[in-house]
Amino acid sequence: MRADHPGEAPRLRGPLTAVAVIGPSMAPTLRHGDAVLVRSGGRSTRPGDVVVAVFRTRPELLVVKRAVRPQDGGWWLRGDNDLITDDSRAYGVADVRGRVVARYWPRPGRVPRRLI
């Protein structure tokens, strides 16, 4: 998902938003092509949650990652696939836009929380 205007952070529309997972960084939990539902608002982010966020250094890009810890007023994020480093190790702190609550396609189910 890209921003409507260059340099602007993408926004989720509505309390539940469908988001497509692109790339292998969240495998095996989520795979390229999975479709997930994201809740904006609701309970606060906790370590281990899978979230949709925007890195402060890449504001035009919306990402799906796992929240590790609060840091500098945002969150340190990691992908579940340790071979891919397109997470906070490369881009720093991110601002969470919403929490992934379920995968609805192709294998419907809950997205598990886990601590890193």
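As the structure is a prediction and not an experimental result, all values here were calculated from the model.

Conventions and cut-offs
- Residues numbered from 1 in each chain as written.
- Predicted model: local features only at pLDDT ≥ 70, side-chain atom pairs only at ≥ 80, totals over all residues.
- Heavy atoms only, no water.
- Helix = DSSP H or I, 4+ residues; strand = E, 2+ residues; numbered from the N terminus.
- Rg over C-alpha atoms; globule rule 2.2 N^0.38 Å.
- Buried < 20%, exposed > 50% of the residue type's maximum accessible area, 1.4 Å probe, protein only.
- Contact = heavy atoms within 4.5 Å.
- Lys, Arg positive; Asp, Glu negative; His and termini not counted.
- Charge placed at Lys NZ, Arg CZ, Asp CG, Glu CD.
- Pairing = 2+ DSSP bridges.
- pLDDT = per-residue confidence, 0-100.

**Section: the overall build of the protein**
Thinking step 1. In terms of regular secondary structure, the protein is built from one helix and seven strands.
Thinking step 2. Shown N-terminal to C-terminal, the secondary structure of the protein runs as helices and strands in the order β-β-β-β-β-α-β-β.
Thinking step 3. Since a compact globule built from 116 residues should have a radius of gyration of about 13 Å, the 13 Å found for the protein is in line with a globular shape.
Thinking step 4. Its C-alpha atoms give the protein principal-axis dimensions of about 35 × 30 × 25 Å.
Thinking step 5. When burial is assessed residue by residue, the protein has 42% of its 116 residues classed as buried.
Thinking step 6. Nonlocal contacts in the protein, meaning residues at least 24 apart in sequence, comprise 56% of its contacts between residues at least 6 apart.
Thinking step 7. Separation of charge centres in the protein, based on 21 positive and 11 negative side chains, amounts to 6 Å.

**Notes on the pairing of strand E6 (residues 94–105)**
Thinking step 1. Pairing of strand E2 (residues 35–39) with E6 involves five bridges; the strand directions are antiparallel. Residue pairing in the sheet places Arg 39 in a bridge with Arg 99 of E6.
Thinking step 2. With five bridges joining them, strand E3 (residues 50–55) and E6 adopt antiparallel strand pairing. Across the sheet, the residue bridging to Val 54 is Asp 95, located in E6.
Thinking step 3. In this sheet, strand E7 (residues 109–110) lies alongside E6 in antiparallel orientation, the contact comprising two bridges. Across the sheet, residue Ala 102 finds its bridge partner in E7, namely Arg 110.

**Re the confidence of the model for the protein**
Thinking step 1. For the protein, the average pLDDT comes to 89, and 91% of its residues sit at 70 or higher.
Thinking step 2. Confidence, expressed as mean pLDDT per element, reaches its minimum in the protein at E7 with 88 and its maximum at strand E5 (residues 74–78) with 98.
Thinking step 3. Note that pLDDT drops below 50 for residues 1–5; the model gives that stretch 13 contacts with residues more than four away or on any other chain.

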